[in-house]
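# Summary of the model geometry
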Amino acid sequence: MLYRKNRSLGLKGSASAVANNLSVRVDMARSVIHYAVVNRYTVNVVSSSMNGQTVNSRQVVCKEPSVNYCSSVIQARLVPFPTRTILALTSQYGIQMFDADTTMMLYWYAVGEFSQPDGFSRGIGGFQDEFLCMGTHDGRILVFHIPSKGTNVTLSQTLEGHEVAICDIQSEGENLISSDDSGSIIIWNKMKQLFKIPGYGYPCTSLAFWNGLAVGGYGSGHLRMFDASTGRLCAEVTAHAKWINAVDVAKSSGMLLSAGEDSMIHVWQLSTASPMIEHLHGECVTDTQLQGAKFISGDGKAFACTGYDYGEIFFYMAE
């Protein structure tokens with residue numbers, strides 16, 4: 001399969017050098033695609049029509065309610081729920097949640113103390129249509145209950161199992177997966193720990209879940225696939241020459257996207273049979289340290305990516 005570059009979408013600010021720095025939410029009912037990209041103290045939120053003719057851009061400033069200065073945003077994700085979409089932010093000092101239109105902050109949660117510069121939050125993932133999971137610097141996963149409407153967000157429970165900072169969180173059905181700076185991956189079922197997969201010496205920066213397979217992208221440039229029911233390593237690929245900053249999966253087709261600091265973005269085909277992973281396409285985004293990548297369609301025929309210090313979202317379409 002071959003992809004061609006399409007017209008890019010401008011941002012009000014450039015993309016920061018943080019992993020998983022692109023979130024996409026496709027609203028088929030309204031024929032609108034929403035994008036979120038972190039830029040230092042702000043999140044660029046862009047809403048575009050399917051054809052890209054109508055574009056609405058806005059910025060969300062991450063300002064802690066108890067102080068008079070802004071904090072650096074580490075990750076932003078548009079998380080869909082049955083009756084609403086939440087824009088969740090992790091930052092240097094805590095967690096913030098907004099309605100998708102960003103007009104109102106729904107919830108703020110402090111992580112650590114402002115006197116502790118090493119405290120931060122990172123890792124965002126929805127779970128079972130009613131929970132929002134957020135990672136912390138000390139390896140905890142905070143599980144928040146999201147109401148169908150209103151601002152009554154509550155901390156439901158805390159998952160403990162990681163020993164260092166959380167990197168990413170993903171879910172599929174009753175299973176949840178989380179990764180950390182040591183490269184360890186924990187597979188949870190119904191909020192109970194099933195397996196802890198040891199690290200490989202590098203952080204597992206980004207995760208994807210497909211058909212019972214957990215896929216991790218590592219700082220070493222490796223992609224690794226694990227059986228979520230046993231924790232067994234199923235496949236390993238030396239995918240990138242440098243740090244992997246994002247992976248994503250097209251649910252209906254089983255295609256996998258990986259983007260790294262080597263300016264390369266690769267498309268792979270996943271399978272539950274041998275070969276379990278097969279390379280389909282490689283694209284060099286010249287002189288660009290890629291920070292985020294997401295499929296736009298469930299069949300994998302379109303994807304977007306962001307690059308450090310670039311004020312645009314790049315798009316590629318299958319020919």
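A brief report on the enclosed structure follows. Counting from 1, residues in each chain are numbered in the order their sequence is written. In keeping with the predicted nature of the model, local features appear solely for residues at pLDDT of at least 70, side-chain atom pairs appear and are counted solely at 80 or more, and the whole-chain, interface and lining totals rest on all residues. No hydrogens and no water enter the side-chain calculation; it runs on all heavy atoms of the structure.

Per the convention used, a helix needs a DSSP run of H or I reaching at least four residues, while a strand needs a run of E reaching at least two, with both numbered from the N terminus. The helix and strand tally for the protein chain stands at 0 helices and 28 strands. The reference for a compact globule is 2.2 Å times residues^0.38; the radius of gyration itself is calculated from the C-alpha atoms. Since a compact globule built from 319 residues should have a radius of gyration of about 20 Å, the 18 Å found for the protein chain is in line with a globular shape. By its C-alpha atoms, the protein chain is 50 × 45 × 35 Å across when sized along the principal axes. Throughout, exposure labels follow a simple rule: accessible area from a 1.4 Å probe, protein chains only, divided by the maximum for the residue type, with under 20% read as buried, over 50% as exposed, and the rest as partly exposed. Expressed as a percentage of its 319 residues, the buried residues of the protein chain come to 56%. When contacts within the protein chain are restricted to residue pairs at least 6 apart in sequence, long-range pairs at least 24 apart make up 48% of them. Summed over its atoms, the accessible surface of the protein chain is roughly 13,000 Å², and 48% of this surface lies on carbon and sulfur atoms. In the protein chain, which carries 23 positive and 28 negative side-chain charges, the distance between the mean positions of the two groups comes to 5 Å. Whether two residues touch is decided by their heavy atoms; if any such pair falls within 4.5 Å, the residues are in contact. The Shrake-Rupley method, run with a 1.4 Å probe, gives the accessible areas here. Residue values count only the displayed protein chains as cover. We treat Lys and Arg as the positive residues and Asp and Glu as the negative residues; His and chain ends play no part in the count. Each charge is placed at NZ for Lys, CZ for Arg, CG for Asp and CD for Glu.

The next subject is the pattern of salt bridges. Whenever Lys or Arg places a side-chain nitrogen within 4 Å of a carboxyl oxygen from Asp or Glu, that contact is recorded as a salt bridge. All told, the structure shown has 9 salt bridges when counted by the stated rule. In this structure, lysine 251 engages glutamate 172 in a salt bridge whose closest nitrogen and oxygen atoms are separated by 3.9 Å. Separated by 79 residues along the polypeptide, lysine 251 in the loop between strand S22 (244-250) and strand S23 (255-260) and glutamate 172 in strand S14 (residues 166-172) bring together distant segments of the chain. Linking aspartate 248 and lysine 294 is a salt bridge whose minimum nitrogen-to-oxygen distance equals 3.7 Å. One end of the pair, aspartate 248, is in strand S22; the other, lysine 294, is in strand S26 (residues 290-295), with 46 residues separating them in the sequence. Classification of lysine 294 as buried rests on a relative accessible area of 16%.

What follows concerns the side chain of arginine 58. Considering the arrangement of structural elements, one finds arginine 58 in strand S5 (residues 55-61). This buried residue, arginine 58, is left without a salt bridge; aspartate 101 holds the nearest opposite charge, at 6.7 Å. Of the polar contacts made by the side chain of arginine 58, one reaches the side chain of serine 47; its length is 3.4 Å. Setting aside residues no more than four positions away along its own chain, arginine 58 makes contact with Lys12, Val43, Asn44, Val45, Ser47, Ala100, Asp101 and Thr102. Between N or O atoms, a polar contact is any pair within 3.5 Å; within protein, one atom must be a potential hydrogen donor and the other a potential acceptor, and residues adjacent in sequence are included only when both atoms are from side chains.

We now examine the pairing of S5. The pairing criterion is simple: DSSP has to find at least two bridges between the two strands. Bridge count for strand S4 (residues 42-49) against S5 is 7 bridges, and the pairing is antiparallel. Its bridge partner being in S5, valine 46 is matched across the sheet by serine 57. The loop that links S4 with its antiparallel partner S5 comprises 5 residues; one of these, glycine 52, has a positive phi angle of about 80°.

With that settled, consider the sheet that holds strand S17 (residues 192-197). With respect to topology, 4 strands assemble into an open sheet ordered S14-S15-S16-S17, the strand pairing being antiparallel. On the outer flanks of this sheet lie S14 and S17, each paired with one strand and no other. The sheet shows a mean angle of 20° between the axes of neighbouring strands, taken without regard to direction. Taken together, the 5 bridges between strand S16 (residues 185-189) and S17 define a ladder with antiparallel strand orientation. Each residue of the ladder has a partner; that of tryptophan 188, found in S17, is glutamine 193. Only the contacting stretch of a helix is used when fitting its axis, a line to C-alpha atoms as for every element, and angles between N-to-C directions run 0 to 180 degrees.

So, about the sheet that holds S4. Pairing is antiparallel in the open sheet, where 4 strands are placed in the order S2-S3-S4-S5. Only two strands of the sheet have a single neighbouring strand rather than two, namely strand S2 (23-27) and S5. The sheet shows a mean angle of 15° between the axes of neighbouring strands, taken without regard to direction. In this sheet, S4 lies alongside strand S3 (residues 32-39) in antiparallel orientation, the contact comprising 8 bridges. Considered in S4, the bridge of alanine 36 is made with valine 45.

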